[in-house]
Amino acid sequence: MTASNCNELRWYLIHCKPREDERALENLERQGFECFRPARQVERRRNGRKCTVAAPLFPNYLFIRLDRVHDNWAPIRSTRGVIHIVRFNEFPLPVADAIIERIRLRLAEDDIEPYLKPGERVRITEGAFAQFEAIFVANDGQDRVVLLLNILQRHQELSFPLEAVRKLG
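Report on the accompanying structure. Along each chain, residues carry numbers from 1 onward, in the same order as the chain's sequence is written. For this predicted model, a pLDDT threshold of at least 70 governs which residues receive local features, and a threshold of 80 or more governs which side-chain atom pairs are given and counted, while totals over whole chains, interfaces and linings are taken from all residues. To obtain the side-chain values, all non-hydrogen atoms of the structure were included, while hydrogens and water were left out.

Topic: the environment of Glu8
Counting from the N terminus, the helices are the DSSP runs of H or I reaching at least four residues and the strands are the DSSP runs of E reaching at least two. Summarising the element assignment, Glu8 is placed in the loop between helix 1 (3–6) and strand 1 (9–16). By relative accessible area, Glu8 is classed as partly exposed at 33%. Spatially, the C-alpha atom of Glu8 lies 62 Å from that of Gly127, the residues being 119 residues apart in sequence. The contact criterion used is simple: two residues touch if any of their non-hydrogen atoms lie within 4.5 Å. Setting aside anything within four residues of it in sequence, one finds Glu8 in contact with Leu66, Asp67 and Arg68. Residue exposure (1.4 Å probe, protein chains only): buried if accessible area is under 20% of the type maximum, exposed if over 50%, otherwise partly exposed.

Encoded structure:
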């Protein structure tokens, strides 16, 4: 056996319990495993305000780098947050290093994904226009948005507080 076959670190995919991929990541790293949980920055709405959060690119999954021969895979199964290593037939299928590298490069060049994008349908939840559907046009400062409403068969652009708008779908 050559030296390159003795130490072959490969990436594998781990399936995690729902909404516990972050817990699984922390526990696996605490055990000394090298892991990768691809996440991108997205704008979300919390308590009526926009905030930026890290959203997983593959919810309920993360990548782990293991040596098939030298690493002890047994503790992975009992790690909190982990369901199992993704397998095809009986064998874990390695993920090519090139795929992991492409994901890393793509995440490095991505900007923050906005909470609302022009053209998205929204519902107004407060005020005189409550329950009206509208189309998001643009942000109007930090906490306000411009919406396109159809009022009396005419399109009107009006500004609303962000907390009075909910994304549809």
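Some thoughts on the pairing of strand 11 (residues 144–151)
The pairing criterion for strands is at least two bridges between them, as found by DSSP. One ladder, built from 4 bridges, connects strand 10 (residues 133–139) with strand 11; its direction is antiparallel. Pairing of Ala138 across the sheet is with Val146, part of strand 11. Linkage of strand 10 to strand 11, two consecutive antiparallel strands, is achieved through a turn of 4 residues, within which Gly141 is found at a positive phi near 90°. Sheet topology places strand 11 next to strand 12 (residues 154–161); 8 bridges connect them, and they run antiparallel. The partner of Val146 across the bridge, within strand 12, is Ser159. If you look at the hairpin formed by strand 11 and strand 12, you'll find 2 residues sitting between the two strands, and Leu152 has a positive phi there, around 50°.

Looking at the side chain of Arg37
With respect to the secondary-structure elements, Arg37 resides in the loop between strand 2 (34–36) and strand 3 (39–46). Given the relative accessible area of 18%, Arg37 is considered buried. Within polar-contact distance, the side chain of Arg37 engages the side chain of Asp21 at 3.3 Å. If we skip the residues at most four places from it in the chain, Arg37 touches Asp21, Glu22, Leu25, Pro56 and Leu62. Here a polar contact is taken to be a pair of N or O atoms separated by no more than 3.5 Å, where protein atoms must pair a possible hydrogen donor with a possible acceptor and residues adjacent in sequence count only if both atoms sit in side chains.

Details of the sheet that holds strand 11
The antiparallel open sheet is built from 5 strands, whose spatial order is 12-11-10-9-13. In this open sheet, the two edge strands, each paired with only one partner strand, are strand 12 and strand 13 (165–167). Recorded for the sheet is a direction-independent mean angle of 45° between the axes of neighbouring strands. Where strand 9 (residues 121–124) lies against strand 13, 3 bridges are found, and the strand directions are antiparallel. If you follow Ile124 over to strand 13, its bridge partner there is Val165. A fitted line through C-alpha atoms serves as each axis, taken over the contacting stretch for helices, and the angle formed by two N-to-C directions is quoted from 0 to 180°.

What about the state of the cysteines?
To count as a disulfide, a pair of cysteine sulfur atoms needs to be within 2.5 Å. Considering all chains together, one arrives at 0 disulfides under this definition. Here Cys35 stays free of any disulfide, with the sulfur of Cys16 as its closest cysteine sulfur at 8.9 Å. On the accessibility criterion, Cys35 (12% relative accessible area) is buried.

Considering the sheet that holds strand 5 (residues 61–67)
Taken together, the 4 strands give an open sheet; going across it, the order is 2-5-1-6, and neighbouring strands pair in antiparallel fashion. A single partner strand is all that each edge strand has here, and the edge strands are strand 2 and strand 6 (82–85). The mean angle between the axes of side-by-side strands here comes to 35°, regardless of whether they run parallel or antiparallel. In the sheet, strand 1 pairs with strand 6 via 3 bridges, with the strands oriented antiparallel. Of the residues in strand 6, the one forming a bridge with Ile14 is Ile85. Along the sheet, helix 2 (residues 21–30) contacts strand 1, strand 2, strand 5 and strand 6; its crossing angle with strand 5, the most-contacted strand, is approximately 20°. Helix 4 (residues 97–109) rests against strand 1, strand 2 and strand 5 of the sheet, and its axis sits at about 55° to strand 2.

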